[in-house]
Amino acid sequence: MHSKLADVGLTIFSQMSQLAQQRGALNLSQGFPDFPAPLALKEALAARVAGDDNQYPPMTGVPELREQVAALISRRYGIEVCQEEEITITPGATQAIFCAIQALVHPGDEVIVFDPAYDSYEPAVRLAGGVTRHVQLGDDFTPDWDAFAAAINDRTRLVIINSPHNPSGALLTAADLDRLAALTESRGIHILSDEVYEHLVFDGQRHQSVLTHSQLYPRALVVSSFGKSFHVTGWKTGYLVASPRLSAEVRKVHQYVSFCAPTPLQLALADFMQQHPEHVDGLAAFYQAKRDRLCAALAGSRFSLVPAAGTYFQLVDYRAIRDDLDDVAMARWLTEEKGIASIPLSVFYERPPADRYWLRLCFAKTDETLNRAGELLCTI
Ligand code: PMP
Ligand code: GLN
């Protein structure tokens, strides 16, 4: 058959999680918590299902949840967005990203992404008939704005940024956003800002949200995920925030891709957010402690690392252990022979840099899992 995504297979996340399961390995590959969701959130869901909140919600999301998202944005970033016209609840951030790309990208349009880039961007661009231009992040995963400027041309329609960054954990600075704004303003290039790890920022740093950037926001679509912020990745609920004009365009696609996100999940999240506003404020410290536990455990190993600035991922360099294996082979070897699953970094690149020996470990895990991972990794 004439495939639209001929070179696309099962994602690395599915592959590695499957391999981990088959081998009974500790799974630090795909990003998800191995600890329970908050009890009050689970109880809220049970109550909403029992209370018969089980039919279609409004296409844009239940008002209760949009109100909570607007309140969260106001509290965290000091800005007011209109819950009617600027917030759309989606079944996962992935769906929001897909809809944003389909809404904006016409055949032949170019979309700039920064490599290493999250895996869902490029297939969505291709399905819209667009072309992805890859700009390499530097060795410390910061953007090279001169290389970015050189990649812009008359066909550039959209730029996708992701901070805190999966897979590196790096953060964009306020100066980065200013540079991006200056370089894209005159051409009216749109910005898709993937901020799903917005609350997972460590060491006292602040997340620089595009929501707060007055030059970028009118041209931007900002995506976040309840899955990350409330320890429920399997709930697949997220949201998109954009100006009324851009939100209207994305909603045209969203209403035909899924129409809505599940009602009881939305209402349970709204109930929990209203009752426990402190949950989100505690996320940075909660995950920083997990990052520190993993990094401390690895201090006695032959892996080297720079502690992640954000996200729940830690990169580790295995050069001192097996520089005869590329990272895909190393990730497989570690899972099959050593009982610990990770994600190789090269899969996030169009052209992986040579001489890189990086693996990504997810530390959204119980202390017990992290201790066990540390012990295992120290034996290698
Ligand atoms: N963007 C990035 C960078 C991610 O890591 C994830 C997590 N899977 C997503 C988007 C998608 O989030 P969701 O599970 O809400 O679709
Ligand atoms: N975002 C998750 C990760 O980076 C994976 C989500 C998925 O499996 N699609 O590990």
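The structure under discussion appears in the preceding block.
Below: a short report on this structure. (Residues numbered from 1 in each chain as written. Chains lettered and ligands numbered in written order. Predicted model: local features only at pLDDT ≥ 70, side-chain atom pairs only at ≥ 80, totals over all residues. Heavy atoms only, no water.)

With that out of the way, let us pick up the overall build of the protein. What the protein contains, in helices and strands, is 14 helices and twelve strands. A compact globule built from 380 residues would reach a C-alpha radius of gyration of about 21 Å, and the protein, at 20 Å, matches this within 12%. Every one of the 380 residues in the protein was classed for burial, and the buried ones make up 56%. The long-range share in the protein, meaning contacts at least 24 apart out of those at least 6 apart in sequence, stands at 76%. Of the roughly 15800 Å² of accessible surface on the protein, a fraction of 51% belongs to carbon and sulfur atoms. Positive and negative side-chain charges of the protein, numbering 33 and 45 respectively, have mean locations separated by a distance of 3 Å. (Helix = DSSP H or I, 4+ residues; strand = E, 2+ residues; numbered from the N terminus. Rg over C-alpha atoms; globule rule 2.2 N^0.38 Å. Buried < 20%, exposed > 50% of the residue type's maximum accessible area, 1.4 Å probe, protein only. Contact = heavy atoms within 4.5 Å. Areas by Shrake-Rupley, 256 points an atom, 1.4 Å probe, with all protein chains shown as cover. Lys, Arg positive; Asp, Glu negative; His and termini not counted. Charge placed at Lys NZ, Arg CZ, Asp CG, Glu CD.)

Quick look at the site of ligand 2 now. With respect to spatial proximity, the complete set of residues near ligand 2 consists of F13, Q30, G31, Y118, N166, Y197, K228, F313 and R360. One of the side-chain nitrogen or oxygen atoms of Q30 is found 2.7 Å away from an oxygen atom of ligand 2. In this structure, R360 approaches ligand 2 through a side-chain N or O atom, which is 2.7 Å from an oxygen atom. Within the shell around ligand 2, the residues separate by chemical class into four nonpolar, three polar and two charged. (Near = heavy atom within 4 Å. Polar contact = N/O pair within 3.5 Å; in protein donor to acceptor, adjacent residues only side chain to side chain. Nonpolar A, V, L, I, M, F, W, Y, C, P; charged D, E, K, R; others polar.)

With that out of the way, let us pick up the environment of L127. Structurally, the position occupied by L127 is in helix α5 (residues 121-127). The spacing of L127 and I101 is 26 residues in sequence and 9.2 Å in space, taken between C-alpha atoms. Excluding residues within four positions of it along the chain, L127 makes contact with K4, L5, F98 and Q102.

What follows covers the pattern of salt bridges. Between side chains of opposite charge, pairing is possible as soon as their charged atoms come close. Taken as a whole, this structure holds 23 salt bridges when the rule is applied. Note that R75 is salt-bridged to D281, the shortest N-O span being 2.7 Å. Separated by 206 residues along the polypeptide, R75 in helix α3 (residues 63-77) and D281 in helix α11 (residues 278-281) bring together distant segments of the chain. You can call R75 partly exposed: its relative accessible area is 42%. By relative accessible area, which is 40% here, D281 ends up partly exposed. (Salt bridge = Lys/Arg side-chain N within 4 Å of Asp/Glu carboxyl O.)

Read across the sheet, seven strands follow the order β2-β8-β7-β6-β5-β3-β4 without closing on themselves; strand pairing throughout is mixed. In this open sheet, the two strands that pair with only one neighbour each are β2 (87-90) and β4 (131-136). Strand after strand, the sheet turns through a mean of 20° between neighbouring axes, direction not considered. The pairing of strand β6 (residues 190-194) with strand β7 (residues 220-225) spans four bridges and is parallel. (Pairing = 2+ DSSP bridges. Axes fitted to C-alpha atoms, helices over the stretch in contact; angles between N-to-C directions.)

Now for the pairing of strand β9 (residues 313-317). Counted residue by residue, β9 has five buried out of five residues, so it is predominantly covered. Neither face of β9 is left uncovered, since the one carrying F313, L315 and D317 and the one carrying Q314 and V316 both have all their residues buried. In the sheet, β9 pairs with strand β12 (residues 358-362) via five bridges, with the strands oriented antiparallel. In the sheet register, L315 faces β12, and the bridge partner there is R360.

Glancing now at the sheet that holds β12. Here three strands make up an open sheet; going across it, the order is β9-β12-β11 and the pairing antiparallel. Edge positions in the open sheet fall to β9 and β11 (343-344), since each of these has one partner strand only. Across the sheet, helix α12 (residues 283-298) lies against β9 and β12, angled at about 15° from β9, the strand it touches most.

Another aspect to go through is the site of ligand 1. In the region of ligand 1, 13 residues are neighbours, and T94, D194, Y197, K228 and K236 sit closest. Y118 places a side-chain nitrogen or oxygen 2.9 Å from a nitrogen atom of ligand 1. Contact between ligand 1 and Y197: an oxygen atom at 2.6 Å from a side-chain N or O atom of the residue. Protein contact buries 93% of the 390 Å² of open area that ligand 1 shows by itself. If one sorts the elements of the shell around ligand 1 by residue count, helix α4 (residues 93-104) sits on top with three residues. Counted by class, the shell around ligand 1 contains five nonpolar, five polar and three charged residues.

Turning to its location among the elements, Q18 is positioned in helix α1 (residues 12-23). A residue is classified by how much of its surface remains accessible, and Q18, at 41% relative accessible area, is partly exposed. Residues Q18 and A341, 323 residues apart in the sequence, show an inter-C-alpha distance of 9.9 Å.

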